[in-house]
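Single-letter residue listing:
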Amino acid sequence: MPGQAKAIMTQLAIDGRTSYAELAERVDTSPTTARRCVSDVLRSGSLILRADVSAPDAGWPVEGYVWANAPISNLRDTAHQLSQTRQARLTATVAAGPVIALSTWLRTVEELHRLELTFAEQLPQLQVVDRLIVLWVVKRMGRLINEGGRSAGVVSINIWDDALCRTGGGEAT
């Protein structure tokens, strides 16, 4: 990906509401070029827009995680069914065991237990192996989160340097 597109994406990660004029100034280009670049990365799928809400304000103040196993023959269907639960924020299959990771937003701590009981009834092939209740969310998607569940700052995500570290191609700064 060209350096200018990386610079623009980095700026948008800090503030996705940045105007094209501000964006152009920050990456030393014209507003027209900035607009075209943003359109190109959106069209390519390299950049996906996302809006999030304050979990407590939305009525979901408790974050929980569940790790589970399921037979490989049912893995895709099981993960899909888990992702359809109203509490699911992220359902992922992973290469190492346990093979399913589920992130949830819950109304109460007790709801995690009720959710597991529902899984036991509706997904008998699923074996929950661990669970976790998050006491306080500190950061989500590069945003520092305050006690009210709102953005209080940015910790910029640098996916390019992180990727270099994983592949041994360089050092992250």
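Model, not experiment: these values are computed from the prediction. (Residues numbered from 1 in each chain as written. Predicted model: local features only at pLDDT ≥ 70, side-chain atom pairs only at ≥ 80, totals over all residues. Heavy atoms only, no water.)

## Thoughts on the packing of helix α1 (residues 3–14) against helix α2 (residues 20–27)
The description of two packed helices rests on the angle between their axes and on the distance between the axes. Running from N to C, α1 and α2 point in directions that differ by 125 degrees, and their axes come no closer than 10 Å. With respect to α2, the axis of α1 lies oblique. In the packing of α1 onto α2, the handedness of the crossing is right-handed. Within the contact between the two elements, α1 uses Ala7, Ile8, Gln11 and Leu12 and α2 uses Leu23, Arg26 and Val27. (Axes fitted to C-alpha atoms, helices over the stretch in contact; angles between N-to-C directions. Helix = DSSP H or I, 4+ residues; strand = E, 2+ residues; numbered from the N terminus. Parallel < 35°, antiparallel > 145°, perpendicular 65-115°, else oblique. Left-handed = near helix turned anticlockwise from the far one by under 90°. Contact = heavy atoms within 4.5 Å.)

## Observations concerning the packing of aromatic side chains
Applying the stated criterion across every chain, the model contains one aromatic pair. Residues Tyr65 and Trp67 carry aromatic rings whose centres are separated by 5.9 Å and whose planes lie at 15 degrees to one another, so their mutual orientation is stacked. Judged by relative accessible area, which is 27%, Trp67 ranks as partly exposed. For Arg35, the ring lying beneath its charged end belongs to Tyr20, and the centroid distance is 5.6 Å. In this structure, Arg89 is placed above the aromatic ring of Trp105, and the distance from its NZ or CZ to the ring centre is 3.7 Å. (Phe/Tyr/Trp six-rings, centres within 6.5 Å; stacked < 30°, edge-to-face > 60°. Buried < 20%, exposed > 50% of the residue type's maximum accessible area, 1.4 Å probe, protein only. Lys NZ or Arg CZ within 6 Å of the ring centre and 35° of its normal.)

## Let's talk about unusual backbone geometry
Cis geometry marks the peptide bond from Gly97 to Pro98; its omega dihedral reads -10 degrees. The phi angle at Asp28 is positive, at roughly 60 degrees, despite the residue not being glycine. Tracing the backbone shows Asp28 in the loop between α2 and α3 (31–44). Look at Asp28 and you get exposed, because its relative accessible area is 71%.

## Brief notes about helix α5 (residues 110–122)
End to end, α5 covers 19 Å across 13 residues, agreeing with the expected 18 Å (1.5 Å per residue, within 8%). Along α5, the positions that sit buried rather than exposed are Glu111, Leu112, Leu115, Glu116 and Phe119. Taken around the axis of α5, the buried residues stretch over an arc of 145 degrees, which confines them to a single face. Relative to its buried face, α5 has exposed residues pointing more than 90 degrees away, namely Glu110, His113, Ala120 and Glu121. Close packing links the buried residues of α5 with β1 (62–69), α4 (75–83), β3 (100–106) and β4 (127–134). (Expected span 1.5 Å × (residues − 1). Arc of directions from axis to C-beta.)

## A short note on the side chain of Ser54
Tracing the sequence through the fold places Ser54 in the loop between α3 and β1. Residue class for Ser54 comes out buried when judged on its relative accessible area of 10%. Ser54 has contacts with Gly148, Gly149 and Arg150, leaving out every residue within four places of it along the chain.

## Remarks on the sheet that holds β1
Pairing within the open sheet is antiparallel, and its four strands lie in the order β2-β3-β1-β4. Both outer strands of the open sheet, β2 (88–93) and β4, are each paired with one neighbouring strand and no more. Taken pair by pair, the neighbouring strands of this sheet meet at an average axis angle of 15 degrees, ignoring direction. Of the strands in this sheet, β2 and β3 touch α4, which is tilted by about 170 degrees from β2. (Pairing = 2+ DSSP bridges.)

## Some thoughts on a nonpolar patch on the surface
On the surface, Leu135, Trp136, Val138, Leu144 and Val155 cluster together to form a nonpolar patch covering roughly 510 Å² of accessible area. Secondary-structure assignment places Trp136 in the loop between β4 and β5 (139–140). (Patch = residues over 30% accessible without salt bridge, like charges linked within 9 Å, V, L, I, M, F, W, Y side chains within 5 Å. Areas by Shrake-Rupley, 256 points an atom, 1.4 Å probe, with all protein chains shown as cover. Salt bridge = Lys/Arg side-chain N within 4 Å of Asp/Glu carboxyl O.)

## Quick notes on the sheet that holds strand β6 (residues 143–145)
Taken together, three strands build an open sheet; the order of strands is β5-β6-β7 and the sheet is antiparallel. With partners counted over all chains shown, the strands left at the sheet margins are β5 and β7 (151–154), one partner each. In the sheet, β6 pairs with β7 via three bridges, with the strands oriented antiparallel. When the sheet's bridge partners are listed, Arg143 is paired in β7 with Val154.

Purely spatial values, then, with no claim about function.
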